[in-house]
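Chains, contacts and geometry: an overview
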Amino acid sequence: MAQAVEEWYKQMPIITRSYLTAAVVTTVGCSLDIISPHKLYLNPQLVVGHYEIWRLITNFFFFRKMDLDFLFHMFFLARYCKLLEENSFRGRTADFFYMLLFGASVLTGIVLVGGMIPYVSASFANILFLSNSLTFMMVYVWSKHNPYIHMSFLGLFTFTAAYLPWVLLGFSILVGTSTWVDLLGMIAGHAYFYLEDVYPRMTGRRPLKTPAFIKSLFADDNVVAAQPANARFAAPPLANLNPRG
């Protein structure tokens, strides 16, 4: 069993493996009181006033308590991040890294700007960690790249992957959890999809072209793992896939 888990971990593409490792280590470290969440959360005043720049990054690694919700988000991260990196971004590790960087920047910008708007600033001030939102962004982008895959939720109804983010958003509403983080992830994911996939087809221009210095970090782009036979099929938590056709 341990050997199988180790083999599964080693076969992950580099970005997925790195992010999953950072998320698990950070969350477990906080649960064991080795790391303090107070040193990780997004705080604009501390970032600007005390130059605690690391908060812009570390807030994406902490997934709060070690509970069922944490397992769900680790599933999202391991599954959809891996599928994106192996399929949509196969051989384009730098582009995939840039997608995550763009998403993290958009999410951070929304929270910072929202915190300055009267009447809604309190809601944004309560968003201290954006890890769940970035994970939901990956699910959104994957659904846009694979819109026709058939899925079923709890065996109750079937839908195509294009509606996966909305199904999960509805599930969050049903179980009474906050939908803010999901909505932010959808906004960031749609912004990326529009600027990277829709806008270039309409205008011939690509505003999100990966900078050369980022491409230089991933000069050897053959780090992507071999695509498994069933890589194009993925299931959300508590769901079963029913591929058709």
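The structure presented is a predicted model; accordingly, all values stated were derived computationally and were not measured.

1. Some details on the UniProt feature "transmembrane region" (unreviewed entry) in the protein chain
Mapped onto this numbering, the UniProt entry annotates "transmembrane region" (unreviewed entry) at residues 96-117, 123-142, 154-174 and 180-199. The span residues 180-199 carries 100% helix and 0% strand; its end-to-end C-alpha distance comes to 27 Å.

2. Focus: the environment of G115
On the secondary structure map, G115 appears in the loop between α6 (93-114) and α7 (121-125). Sequence separation between G115 and A125 is ten residues; the distance between their C-alpha atoms is 5.8 Å. Look past the residues within four positions of G115 in its chain and what remains in contact with it is S121 and F124.

3. Description of the confidence of the model for the protein chain
Model confidence for the protein chain is summarised by a mean pLDDT of 84, while 89% of its residues fall at 70 or above. Per-element confidence in the protein chain ranges from a low mean pLDDT of 43 for strand β3 (residues 239-241) to a high of 95 for helix α4 (residues 55-58). Overall, residues 222-245 carries pLDDT values under 50, and its contacts beyond four positions in sequence, including any with other chains, amount to 70 contacts.

4. Some thoughts on the packing of α6 against helix α10 (residues 180-203)
Interaxial distance between α6 and α10 falls to 9 Å at its minimum, and their mutual angle equals 130 degrees. When the axis of α6 is compared with that of α10, the two are oblique. The handedness of the crossing between α6 and α10 is right-handed. Of the residues in α10, those in contact with M99, F102, G103, V106, L107, I110 and V111 of α6 are L184, G185, I187, A188, A191, Y192 and L195.

5. With respect to the side chain of T210
Position of T210 among the secondary structure elements: in the loop between α10 and α11 (212-217). We classify T210 as buried; its relative accessible area is 4%. Looking at T210, its side chain comes within polar contact range of the side chain of D95, at 2.4 Å.

6. Things to note about the pairing of strand β1 (residues 150-153)
Here β1 pairs with strand β2 (residues 157-160) via four bridges, running antiparallel. Looking at the pairing, M151 lines up with F159 of β2. The turn linking β1 back onto β2 is made up of three residues, and L154 within it adopts a positive phi angle of 60 degrees.

7. Re the pattern of salt bridges
For the coordinates displayed, the defined rule picks out six salt bridges. Note that K10 and E6 form a salt bridge whose closest N and O atoms lie 3.0 Å from each other. Linking K10 with E6, this pair stays in helix α1 (residues 2-10), spanning four residues, or about one helical turn. Put simply, E196 and R206 hold a salt bridge, and the shortest N to O gap is 2.8 Å. With a gap of ten residues between them, E196 in helix α10 and R206 in the loop between α10 and α11 connect regions that are remote in the sequence. Overall, the relative accessible area of 14% leaves E196 in the buried class.

8. As for unusual backbone geometry
Residue D33 is not a glycine yet carries a positive backbone phi of 60 degrees. Relative to the helices and strands, D33 resides in the loop between α2 (14-31) and α3 (44-49). Given a relative accessible area of 68%, D33 falls into the exposed group. Even without a glycine there, the phi angle at Y51 is positive, about 60 degrees. Within the secondary structure, Y51 is located in the loop between α3 and α4.

Parameters and conventions
- Residues numbered from 1 in each chain as written.
- Predicted model: local features only at pLDDT ≥ 70, side-chain atom pairs only at ≥ 80, totals over all residues.
- Heavy atoms only, no water.
- UniProt positions renumbered as here; feature names shortened; annotations may be inferred.
- Helix = DSSP H or I, 4+ residues; strand = E, 2+ residues; numbered from the N terminus.
- Contact = heavy atoms within 4.5 Å.
- pLDDT = per-residue confidence, 0-100.
- Axes fitted to C-alpha atoms, helices over the stretch in contact; angles between N-to-C directions.
- Parallel < 35°, antiparallel > 145°, perpendicular 65-115°, else oblique.
- Left-handed = near helix turned anticlockwise from the far one by under 90°.
- Buried < 20%, exposed > 50% of the residue type's maximum accessible area, 1.4 Å probe, protein only.
- Polar contact = N/O pair within 3.5 Å; in protein donor to acceptor, adjacent residues only side chain to side chain.
- Pairing = 2+ DSSP bridges.
- Salt bridge = Lys/Arg side-chain N within 4 Å of Asp/Glu carboxyl O.

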